[in-house]
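This is what each chain is made of:
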Amino acid sequence: MDSDDDNLLGFTRALSESEQIARSELVDLFNATPIPKGERLDNLGLHMDHLALGRALFMDHLYRQILGMPGVVMEFGCRWGQNLSFFLNLRTLYEPTHYSRRIIGFDTFSGFVDVAVEDGDSIYARPGNVRTTAGYAAYLERVLAARESMAPLSHKRKFEIVTGDVRETLPQYLAAHPETIVALAYLDMDLFSPTRDALLALKPRLARGSVVVLDEINDAGFPGETTALREVFGLNGLALRRVPFLNGPGYFIVE
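Only a predicted model underlies this, so the values are computations on that prediction, with no experimental measurement involved.

Right, let's talk about helix α3 (residues 50–65) for a bit. The terminal C-alpha atoms of α3 lie 23 Å apart, and with 16 residues this matches the ideal 22 Å at 1.5 Å per residue to within 8%. Among the residues making up α3, those that are buried are L51, A52, G54, R55, A56, F58, M59, D60, H61, L62 and Y63. One side-chain oxygen at the N-terminal end of α3 lies 3.2 Å from the backbone nitrogen of L51; it belongs to D49.

Another aspect to go through is the nonpolar core. Grouped together as the largest cluster of nonpolar side chains are 30 residues, with contacts concentrated most on F58, L62 and F87. Setting aside its immediate chain neighbours within four residues, L62 contacts L184, Y186, V211, V213 and Y251. Among the nonpolar cores identified, the runner-up in size contains 27 residues, and V166, V182, A185 and A201 belong to it.

Counted under the stated rule, the structure contains 11 aromatic pairs. Ring geometry for F76 and F106: centres 4.8 Å apart, planes at 25 degrees, overall stacked. Taken together, the positions of F76 in strand β1 (residues 72–76) and F106 in strand β2 (residues 103–107) put the pair 30 residues apart, joining distant regions of the chain. Like F76, the residue F106 is buried in the burial classification. Ring-pair connections join several aromatic residues into one group, and the members of that group are F58, Y186 and Y251. Over the ring of Y99 we find K156, and its NZ or CZ is 4.6 Å from the ring centre. A cation sits over an aromatic face here: K203 above F233, 4.9 Å from the ring centre.

The subject of this paragraph is the side chain of T180. Take T180: it is sitting in the loop between α6 (166–176) and β4 (182–187). A distance of 2.8 Å separates a polar atom in the side chain of T180 from the backbone oxygen of H177. Ignoring anything within four residues of it in the chain, the contact list for T180 reads V72, M74, Y173, L174 and R205.

With 14 residues, helix α5 (residues 136–149) extends 20 Å from end C-alpha to end C-alpha; this agrees with the ideal 20 Å at 1.5 Å per step. Among the residues of α5, Y136, L140, L144 and E148 are the ones counted as buried. Along the long axis of α5, the arc covered by the buried residues comes to 110 degrees, so they all point the same way. When the buried face of α5 is taken as reference, the exposed residues oriented beyond 90 degrees from it are A138, R142 and S149.

Counted residue by residue, β4 has 6 buried out of 6 residues, so it is predominantly covered. Relative to β4, β1 is paired through 5 bridges, and the arrangement is parallel. Bridge assignment links E75 to a residue of β4, and that residue is Y186. Inspection of the sheet shows β4 paired to strand β5 (residues 206–214) by 5 bridges, in the parallel sense. Along β5, the bridge assignment pairs V182 with L206. Of the crossover connections in this fold, the one passing from β4 over helix α7 (residues 192–202) to the parallel β5 is right-handed.

Criteria and cut-off values
Residues numbered from 1 in each chain as written. Predicted model: local features only at pLDDT ≥ 70, side-chain atom pairs only at ≥ 80, totals over all residues. Heavy atoms only, no water. Helix = DSSP H or I, 4+ residues; strand = E, 2+ residues; numbered from the N terminus. Expected span 1.5 Å × (residues − 1). Buried < 20%, exposed > 50% of the residue type's maximum accessible area, 1.4 Å probe, protein only. Polar contact = N/O pair within 3.5 Å; in protein donor to acceptor, adjacent residues only side chain to side chain. Core = buried A, V, L, I, M, F, W, Y, C linked by side-chain atoms within 4.5 Å. Contact = heavy atoms within 4.5 Å. Phe/Tyr/Trp six-rings, centres within 6.5 Å; stacked < 30°, edge-to-face > 60°. Lys NZ or Arg CZ within 6 Å of the ring centre and 35° of its normal. Arc of directions from axis to C-beta. Pairing = 2+ DSSP bridges. Right-handed = clockwise from strand over helix to strand, strands pointing away.

Encoded structure:
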């Protein structure tokens, strides 16, 4: 699967042919923008479609759920890092002096490591899929560092990128940071095994009010994610929630 096919993952998988053509036109117009370089960041909304806007609104909705409680924000499967950037901005807007609200992103940056039988036979669930371009983790580090430099208390490092297989890196991280309480966990690894293992490792670090998000919940393309949730938390005791303006992500609040 090439990088163009990778780009059809997530909410773009459901677009009709005409919608994909229109979205491609927006991409071309974005790349050819006549807006002066110094004003481009101020006008990102010009080319943002309703799907991307919905994603931004969802991040805001999630973040507001954890205001008032301690704990870090973790994203598993951060890939290009857009959600991490949203979370850094939201922390600056809502909690500018909450320097213990660390934001940590986990990813292999080389795509899926392996696929289990629980992941079915979807064409999207293949080793190496959803990879990034070479050296992208270093680029993302620079972007987030620049983002943090614009915020209060910028001398305090409040984000981290953890590279590798989460089945190994998350237990290592938690062992090295025994103080960690997880206020918000965003799981977007799509597959059964890493999702299950991450949920198992996270469970003792969740408090009442913690938010757990699964990006491909109830998704026939990635059934392993729902299976992992069912195995670790069960479904009968969970009040699963969603927002009306997006199809896929679901979340629950620990009670």
